[in-house]
Amino acid sequence: MADEKEKVSSALKEIKYPGFSRDIVSFGIVKDVEIHSDCVKVHLGFTTSNDDVIEQIKNAVSKKMSALTDKKIILEVRRMQEKTVKEEADVYADRLPIPNVKYVLAIGSGKGGVGKTTVAVNLAVSLAKRNASVGLLDADIYGPNVSIMLGINDYDPTVKEGTKLMPYNKYGINVMSIGFFISLDSPVIWRGPMVHRMLMQFLRNVEWGNLDFLVVDLPPGTGDAQLTLVQKVPISGAIIVTTPQDVSLVDARKGLKMFESVNVPVLGIVENMSYLQCPHCGRRIDVFRAGGGKRTAMELGVPLLAEIPIDPNMSVISDAGIPVVESDSGSLHSKLFFSLADQVMKKIGYIQ
């Protein structure tokens, strides 16, 4: 019986919630599985009021169970809407839009050192070059790098009308970072509540202006900054940045599932440092491994948005504070970042 129950549970994990890459078990819809001599009883608990979604899941469960066993299939369905809606309202009661900001894009990664800030900066500038109004928030409180990659030195944010911090405008985007307030070699030694308060300052008390996009460069991992963002602001979409190595891909999965667990749509994965293009013959050289990002995207049911190759020149121009889309708009890297911007704009409905 125990083995049969495990088989049934494993089969149920293959059923995706309609419109999501997560399965119905991880969503908490499967409440219990009972194995009897003549039947299999699956207890389902729904928080949604969408009858079409409920019927789709019930049909998928019946079909999956019928293919697995010859026993009679019984589905016990419970509605749990009132309790869950209240609980979600409590958690996300303060999830209010940022005034005059249409779309918030979160750029995250499971681990550091994968080029997340490089992607965030070049995506933001690419969107601006597509005639969108763009802001870039450096939410990596402990390791802010946006100001370095944009070449913003010695900026002391002024305050407008006693309350609003004024962002710095460069390359057509409005920028705010904790790096404006501290020296480059000064560590930020703060506990979670301080991080929360600073991010709330940046989200609510910056004069962002009228923005089509606010790109948020998150710190690596799934900590305080991520929780503050997803609980306080409605996020239009998240992008996960990874590299081809297994250790990075494992952490990327964690980051992606974190966003999905709080119902933030994941637009896709960007694989950075994907390969090296030989400067002499143009041949593709897989320095780390090939296809890791693509396989991970397929496993998790999200698109692979871009494969960004290694280029030593990227480090040079980034350290000089010039995004590649600004320094060489015709390069392969620039074309990839412009393609990424186009995909993002289509996925969230900014353009058709």
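Look up: the structure comes first, before these words.
Computed from a predicted model, the values in this text were never measured in an experiment.

Visitor: Could you clarify how one ought to interpret the pattern of salt bridges in this entry?
Guide: Where charged atoms of side chains with opposite charge meet at close range, the side chains can pair. This structure, assessed with the given rule, holds eight salt bridges. Here Glu14 ties to Lys64 by a salt bridge, and the two come within 2.7 Å at their closest N and O atoms. Remark: Lys64 occurs in helix 2 (residues 51–68) and Glu14 occurs in the loop between helix 1 (2–12) and strand 1 (30–35); sequence separation between them is 50 residues. Residue Glu14 is classed as exposed on the basis of its relative accessible area of 52%. Under the relative-accessibility criterion, Lys64 is labelled partly exposed at 25%. The salt bridge partner of Glu55 is Lys58, with a shortest N-O separation of 3.3 Å. Placement of both Glu55 and Lys58 in helix 2 is noted, with a separation of three residues, approximately one turn of the helix. The class for Glu55 is partly exposed, based on a relative accessible area of 38%.

Visitor: What exactly am I supposed to notice about the sheet that holds strand 10 (residues 211–217) here?
Guide: Picture the strands of a sheet paired through backbone hydrogen bonds; they go either parallel or antiparallel. Judged by pairing direction, the sheet is mixed, and its eight strands sit side by side in the order 8-9-5-10-4-11-12-15 without closing on themselves. At either margin of the open sheet sits one strand with a lone partner, and together these are strand 8 (168–170) and strand 15 (304–307). For this sheet the average axis-to-axis angle between neighbouring strands, irrespective of direction, equals 25°. Summarising the sheet, strand 5 (residues 134–138) and strand 10 pair through five bridges and their orientation is parallel. Considered in strand 10, the bridge of Gly135 is made with Leu214.

Visitor: Honestly, the sheet that holds strand 2 (residues 39–46) in this entry has me stumped. Any pointers?
Guide: Read from one edge of the open sheet, three strands run 1-2-3, paired in mixed fashion. What marks the edges here is a single partner per strand, and that holds for strand 1 and strand 3 (72–79). Each neighbouring strand pair of the sheet contributes to a mean axis angle of 15°, computed without reference to strand direction. With five bridges connecting them, strand 1 and strand 2 associate as antiparallel partners. Residue pairing for strand 2: Ile35 is matched across the bridge by Val40. Lying on the sheet, helix 2 is in contact with strand 2 and strand 3; it crosses strand 3 at an angle near 155°.

Criteria and cut-off values
Residues numbered from 1 in each chain as written. Predicted model: local features only at pLDDT ≥ 70, side-chain atom pairs only at ≥ 80, totals over all residues. Heavy atoms only, no water. Salt bridge = Lys/Arg side-chain N within 4 Å of Asp/Glu carboxyl O. Helix = DSSP H or I, 4+ residues; strand = E, 2+ residues; numbered from the N terminus. Buried < 20%, exposed > 50% of the residue type's maximum accessible area, 1.4 Å probe, protein only. Pairing = 2+ DSSP bridges. Axes fitted to C-alpha atoms, helices over the stretch in contact; angles between N-to-C directions. Contact = heavy atoms within 4.5 Å.

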